[in-house]
Amino acid sequence: TQLLEQSPQFLSIQEGENLTVYCNSSSVFSSLQWYRQEPGEGPVLLVTVVTGGEVKKLKRLTFQFGDARKDSSLHITAAQPGDTGLYLCAGASWYGNKLVFGAGTILRVKS
Amino acid sequence: DAGITQSPRYKITETGRQVTLMCHQTWSHSYMFWYRQDLGHGLRLIYYSAAADITDKGEVPDGYVVSRSKTENFPLTLESATRSQTSVYFCASSDPGGGEGANVLTFGAGSRLTVL
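Note that this is a predicted model, so its numbers are computed, not measured. Once a new chain begins, its residue numbering starts again from 1 and follows that chain's sequence as written. Ligands are numbered from 1 and chains lettered from A, in the order in which they are written. For this predicted model, a pLDDT threshold of at least 70 governs which residues receive local features, and a threshold of 80 or more governs which side-chain atom pairs are given and counted, while totals over whole chains, interfaces and linings are taken from all residues. Just so you know, side-chain values use all the structure's heavy atoms and leave hydrogens and water out.

Section: the environment of Asp-95 of chain B
All names here are of chain B. Put simply, DSSP marks the helices as runs of H or I at least four residues long and the strands as runs of E at least two long, and each gets a number from the N terminus on. Take Asp-95: it is sitting in the loop between strand S9 (87-94) and strand S10 (106-107). Classification of Asp-95 as partly exposed rests on a relative accessible area of 36%. Sequence separation between Asp-95 and Ala-50 is 45 residues; the distance between their C-alpha atoms is 9.3 Å. Polar contacts here mean pairs of N or O atoms no more than 3.5 Å apart (in protein, one a potential hydrogen donor and the other a potential acceptor; neighbouring residues in sequence count only if both atoms are side-chain atoms). Here the side chain of Asp-95 touches Ser-30 through a polar contact of 3.4 Å, landing on its backbone nitrogen. The classification of residues rests on relative accessible area computed with a 1.4 Å probe and restricted to protein chains. Under 20% of the type maximum is buried, over 50% is exposed, and intermediate values are partly exposed.

Concerning the interface of chain A and chain B
The contact definition used throughout considers only heavy atoms, calling two residues in contact when any of these lie within 4.5 Å. Listed per partner, the contact involves 24 residues of chain A and 25 residues of chain B. Roughly 1800 Å² of surface becomes buried between chain A and chain B when both sides are summed, with 55% attributable to carbon and sulfur atoms. In terms of surface lost to chain B, no three residues of chain A exceed Asn-97, Lys-98 and Phe-101 of chain A, which account for 33% of the buried area on that side. Throughout this description, the term salt bridge denotes a Lys or Arg side-chain nitrogen within 4 Å of a carboxyl oxygen of Asp or Glu. Our enumeration of links across chain A and chain B arrives at 0 salt bridges. Across the chain A-chain B interface, the total number found is 4 residue pairs in polar contact (both at pLDDT 80 or more). Elements represented by at least two residues in the side of chain A that touches chain B include exactly strand S4 (31-37), strand S5 (44-49), strand S9 (85-92) and strand S10 (99-101) of chain A. Among the residues forming the side of chain A that touches chain B, the class breakdown is 11 nonpolar, 9 polar and 4 charged. Accessible surface is computed with a 1.4 Å probe, and the buried area is the amount of it that two parts give up when combined, taken over both parts together. Under the scheme applied, nonpolar residues are Ala, Val, Leu, Ile, Met, Phe, Trp, Tyr, Cys and Pro; charged residues are Asp, Glu, Lys and Arg; polar residues are all the others, including Gly.

Overview of the nonpolar core
Note on terminology: a nonpolar core comprises buried Ala, Val, Leu, Ile, Met, Phe, Trp, Tyr and Cys residues joined through side-chain atoms within 4.5 Å. By size, the foremost hydrophobic cluster in this structure holds 21 residues, and its most contacted members are Leu-19, Leu-32, Trp-34, Phe-63, Leu-74, Ile-76 and Leu-107 of chain A. Broken down by secondary-structure element, the contributors of at least two residues to this core are strand S3 (19-24), S4, S5, strand S7 (61-65), strand S8 (71-76), S9 and strand S11 (105-110) of chain A. Setting aside residues up to four positions removed in sequence, Leu-107 of chain A forms contacts with Leu-11, Ile-13, Leu-19, Ile-76, Asp-83, Thr-84, Gly-85 and Tyr-87 of chain A. Membership of the second largest hydrophobic core comes to 19 residues, among which are Leu-86 and Ala-92 of chain A together with Leu-45 and Val-104 of chain B.

Focus on the sheet that holds strand S1 (residues 4-7) of chain B
All names here are of chain B. Pairing between strands is defined by DSSP: at least two bridges between them are needed. With antiparallel pairing, the 4 strands of this open sheet are ordered in space as S1-S3-S8-S7. Edge strands, defined here as strands with exactly one partner in the open sheet, are S1 and strand S7 (64-66). Across the sheet, the axes of successive neighbouring strands diverge by a mean angle of 15°, strand direction being ignored. Here S7 runs beside strand S8 (residues 76-78); their pairing, made up of 3 bridges, is antiparallel. Pairing of Tyr-64 across the sheet is with Leu-78, part of S8. To obtain each axis, a line is fitted to C-alpha atoms, and for helices this fit is confined to the stretch in contact; angles are then taken between N-to-C directions over 0 to 180 degrees.

Digging into the layout of surface pockets
Grid points spaced at 1 Å over the protein atoms alone were grouped into cavities, where a 1.4 Å probe fits but cannot get out, and pockets, open sets with protein on both sides within 12 Å along at least five of seven lines, with lining residues defined by an atom within 4 Å of a point. Grid points are joined across faces, edges and corners, and a volume is the space filled by probe spheres set on the points. What the second largest pocket holds in volume is close to 550 Å³. For the second largest pocket, the lining is made up of 30 residues, of which Gln-37 and Leu-86 of chain A together with Gln-37, Val-88 and Arg-112 of chain B are closest to its centre. Only S9 and S11 of chain A together with strand S4 (31-38), S9 and strand S11 (111-115) of chain B provide two or more residues apiece to the lining of the second largest pocket. Each residue belonging to the lining of the second largest pocket can be placed in one class, and the counts come to 12 nonpolar, 13 polar and 5 charged.

What about the sheet that holds strand S6 (residues 55-58) of chain A?
The strands that make up a sheet are held in pairs by hydrogen bonds between backbone atoms, and each pair lies either parallel or antiparallel. All names here are of chain A. Strands sit in the order S1-S3-S8-S7-S6 across an open sheet of 5 strands; the sheet is antiparallel. Since the sheet does not close on itself, it has two edges, and those belong to strand S1 (5-7) and S6, each with one partner. For this sheet, the mean inter-axis angle between neighbouring strands, taken without regard to orientation, is 15°. Both S6 and S7 contribute to a ladder of 4 bridges, which runs antiparallel. Bridge pairing links Lys-57 to Thr-62 in S7.

A word on the environment of Ser-84 of chain B
Residue and element names in this part refer to chain B. If you trace the backbone, Ser-84 turns up in the loop between S8 and S9. The exposure class assigned to Ser-84 is exposed, which follows from its relative accessible area of 53%. Spatially, the C-alpha atom of Ser-84 lies 9.8 Å from that of Thr-15, the residues being 69 residues apart in sequence. A distance of 3.0 Å separates a polar atom in the side chain of Ser-84 from a polar atom in the side chain of Thr-82.

Below, the structure written as structure tokens:
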């Protein structure tokens, strides 16, 4: 069974601070996705990383896929209250269409 | 509007009752999924379907039944609800394919179920 360990579980920071969320596994994934979920809504895709070592930037968010395709990180620069939410990583296996989700990181950015 | 719709959004039921959560998608995606979301566990896959009349168990299928007679609908039934099935349930769909679009899930807004 593939598992994704996501850390930290909770993060409460002040506006303007930087933060990093980690997603680690002993399994190799074909790709890794990051979703963001707001209260009362379903998760929404932020990014997909498909190549080992890949770095993708989305404004203040930087996503990295580990060289060995077993881990990923999400770095937010100068966090804003609008970044508050639940961040989920999800790994795709080389076969089939099922994703394995991490337990999520609840981020709260205080103004 | 195109998208994925879940109903009901909120449901309170009693132990032992049968409950059906509905899911309808207009994307014509071939794959559909049911997840439950509980604090500390993230999203856990209950059942999924690769196409009409093809369903398979996920990580936590016990106590649930699904069907998929039409591509656009994927109802989830709790045959005899238990308190441990109190959760938020999400339906999702995806289209198989290569590259970055592969396995990307589009989620519904969720159905919050409370079993008393």
